[in-house]
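What the coordinates show
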Amino acid sequence: MSTSVTAAPAAAGMVEFERTTSRWGRLTMIAGLVFSLAGPLYLVFFADLGVTATQLFAGFAAVAGTFFVIWLVEPLTYFPILGSASMYQAFMIGNISNKLLPSALIAQSTIGAKPGTPRGSLAAVMAICGAATVHLLSLLIFVGLLGTWLISIVPPEVTEVVRVYVLPSVMGAVIIQAIVSLKQVRATIVAFVVAVLVLFVLVPLVPALSMVATAIVVLTTLVIGWFVRKREGAAGQDVRPEAP
Amino acid sequence: MIPITAMPSAAAAAEPGPVLAVANTPVLWICALGVFLVIAVQSVIYIKAARKAAPAAGMSPQELRTSFRSGAVAAIGPSLAVVLVAIALLALFGTPAVLVRIGLIGSVSYETAAASIAAGTTGAELGGPTYTPEVFAIVFFAMSMGGAMWMVATLILTPLLQRGEHRMAKVNPALMTVVPAAALLGAFISLGLAEVPKSTVHVLTLLTSAVVMGVCLLIARLPGMRWLREWGLGMAILLGLTVAFLAQSAGLGPAG
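Residues numbered from 1 in each chain as written. Chains lettered and ligands numbered in written order. Predicted model: local features only at pLDDT ≥ 70, side-chain atom pairs only at ≥ 80, totals over all residues.

Details of the overall build of chain A
Tallying secondary structure elements over chain A gives 8 helices and 0 strands in all. Secondary structure elements of chain A occur, N-terminal to C-terminal, as α-α-α-α-α-α-α-α. Seen through its C-alpha atoms, chain A measures out along the principal axes to roughly 70 × 45 × 40 Å. Residues classed as buried in chain A amount to 53% of the 244 residues present. (Helix = DSSP H or I, 4+ residues; strand = E, 2+ residues; numbered from the N terminus. Buried ≥ 20, exposed ≤ 12 C-beta atoms within 10 Å, placed from the backbone.)

Below is the structure:
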């Protein structure tokens, strides 16, 4: 199932795709930004709650103090995985690591496309659109329409367990999925070693780094993974689609 | 990591207090639905663009549809998990804020942390008697501004990174195939292992989820079982959370 495409039209087609998604991705993201800020600004200015500018600034400053590193680091961390087109989707749709990345990865492995190739980025974009559709619908129906009713029938112990353990329940599966479908033995080993060293040695020594631990692991894995990569001819790390 | 102490009590959920009266005003609903609409429009534009570019990338319309379907099916498990967490927070933030903040932009752990940090600056506690409409407005503003900063960073950094990517791709095309895979592995393995020190139940959940996925992927190699590749994630989440629930009930969970 090797799709040999002559380089020139492929490049032209992808350039056009990048231009469209960059322009419209940016415009839609700005629109999303405006809508998401309009709500709280309405409350502040028109709801007559007596909120002062000082209070707002204090609240935001406290949040910024905790998170400003993440604001910068997360886009940098996910860019190599998502590519520019999906960046404008992912950071508006949210739940990137626990929903969008697994969806993109599974779609790529289903059609046998590699992340980073044109096929891989189109598969990721389509997968994120599919994930967004499911997500918007389930939010509208189960939270928007039925939320107040559901909360009355779902035992609080259940929602509490989901809240506390949702991350490990997603990540365990996703790690296996990534290892199996990417078939990058060396990068996998590097990632494990680096993650263990960063999480269980570096972070306990320098707790301030805990917020950027993932970014450190990603960057280090990237660099070491690049130097230890398998070098075979021109095809490099080419991976055949998985056997069905 | 999630410093939320006050979960809404059943009583608070039953009678809409003054906070919920403010939090569920129609204007906030309109803004929330606006975000939904923007994402829907963006998806349509992206699908059209992908369809146009597909032949050039050597991709059949069938493969585009398969990708969309795979992504959609794979998202069912994670989406329902987010839904369950979101409804638990309805009593705290009202429906519109939960839809936008918890459901979309950002994620549960970030938003709840941001909310309790912002509430802390006013001396109030989320869900407590000090949690007034005024505090809600401050909290909602701080969460939203925080989410906005993510988007601003994305808007500024993406074009810059894109330029860097083009330059690197020219220097060595292999970069473009090695780097994303290594980054993906690094991100997932780091996020997964970060759960290990939290508690025994976290470890059990992580392992269950991993084993279920492994079994699903093995069975998916059999003829006629390919669908398990897509449904595997949902099953792993469900079984992982079931084990977490049982282990928690057995008293293995973290104190408190």
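Some thoughts on the overall build of chain B
When helices and strands are counted, chain B shows 10 helices and 0 strands. Element order for chain B, N to C, with α for helix and β for strand: α-α-α-α-α-α-α-α-α-α. A principal-axis box enclosing the C-alpha atoms of chain B has dimensions of 60 × 45 × 35 Å. Evaluated residue by residue, chain B yields a buried proportion of 57% over its 256 residues. Put simply, of all contacts in chain B between residues at least 6 apart along the chain, 64% involve residues at least 24 apart. (Contact = placed C-beta atoms within 7 Å.)

Examining the interface of chain A and chain B
The partner chain B presents 136 residues to the 145 residues of chain A that form the contact. If one sorts the elements of the side of chain A that touches chain B by residue count, helix α1 (residues 7-46) of chain A sits on top with 26 residues. Split by residue class, the side of chain A that touches chain B holds 94 nonpolar, 43 polar and 8 charged. (Nonpolar A, V, L, I, M, F, W, Y, C, P; charged D, E, K, R; others polar.)

Thoughts on the packing of helix α4 (residues 118-145) of chain A against helix α5 (residues 90-103) of chain B
Any two packed helices are characterised by the angle at which their axes cross and by the distance between the axes. Two elements in contact, α4 of chain A and α5 of chain B, have axes separated by 10 Å at closest approach and are oriented at 145 degrees. At the point where α4 of chain A passes α5 of chain B, the crossing takes the right-handed sense. Contact residues: L139, V143 and G144 of chain A in α4 of chain A; T95, V98, L99 and G103 of chain B in α5 of chain B. (Axes fitted to C-alpha atoms, helices over the stretch in contact; angles between N-to-C directions. Left-handed = near helix turned anticlockwise from the far one by under 90°.)

Details of the confidence of the model for chain A
Residue and element names in this part refer to chain A. When pLDDT is averaged across chain A, the result is 83; 91% of the residues are at 70 or more. Within chain A, the lowest mean pLDDT, 83, falls on helix α2 (residues 53-93), and the highest, 93, falls on helix α7 (residues 185-205). Note on residues 1-6: pLDDT under 50 across the span, and 5 contacts to partners over four residues away in sequence or across chains. Between residues 233-244, whose pLDDT stays under 50, and residues either more than four places distant or in other chains, the model counts 16 contacts. (pLDDT = per-residue confidence, 0-100.)

Things to note about the domain arrangement of chain B
All names here are of chain B. The domain architecture assigned to chain B consists of domain 1 (1-171) and domain 2 (174-249). On the side of domain 2, 8 residues touch domain 1, which itself brings 9 residues to the contact. Taken together, the residues of the side of domain 1 that touches domain 2 sort by class into 7 nonpolar, 2 polar and no charged. (Domains from an automatic or database assignment.)

Regarding the environment of I216 of chain A
Residues and elements named next belong to chain A. Inspection of the secondary structure assignment puts I216 in helix α8 (residues 213-227). For I216, a count of 21 C-beta atoms within 10 Å corresponds to the buried category. Linking I216 and Q55, residues 161 residues apart in sequence, is a C-alpha distance of 34 Å. Once residues within four sequence positions are removed from consideration, I216 is found in contact with V198 and L209.

So, the confidence of the model for chain B
Should pLDDT be low for a region, the predicted coordinates there are not to be read in detail. All names here are of chain B. For chain B, per-residue confidence averages 82 on the pLDDT scale, and 91% of positions sit at 70 or higher. Between residues 1-15, whose pLDDT stays under 50, and residues either more than four places distant or in other chains, the model counts 23 contacts. This prediction of the complex comes with two scores: 0.81 for pTM and 0.81 for ipTM.

Looking at unusual backbone geometry
All names here are of chain A. Even without a glycine there, the phi angle at N95 is positive, about 50 degrees. Residue position: N95 is located in the loop between α2 and α3 (96-111). What makes N95 buried here is the crowd of 25 C-beta atoms within 10 Å.

Quick look at the packing of α4 of chain A against helix α4 (residues 61-88) of chain B
Across the interface, α4 of chain A lies against α4 of chain B with an axial gap of 6 Å and an inter-helix angle of 35 degrees. Here the hand of the crossing between α4 of chain A and α4 of chain B comes out right-handed.

Considering the environment of A23 of chain B
Residues and elements named next belong to chain B. With respect to the helices and strands, A23 occurs in helix α2 (residues 18-23). For the pair formed by A23 and V98, sequence separation is 75 residues and the distance between their alpha carbons is 9.7 Å. Those residues within four positions of A23 in sequence are excluded, and the remaining contacts are L28, F93, G94, A97 and F136.

Brief notes about α5 of chain B
Residue and element names in this part refer to chain B. Helix length check: α5 (14 residues) gives 11 Å between terminal C-alpha atoms against 20 Å at 1.5 Å per residue, more than 12% under. A maximum bend of about 95 degrees is found in α5 at A97. With 14 of its 14 residues buried, α5 lies for the most part within the structure. (Expected span 1.5 Å × (residues − 1). Bend = angle between axes of the 7 residues up to and from the residue.)

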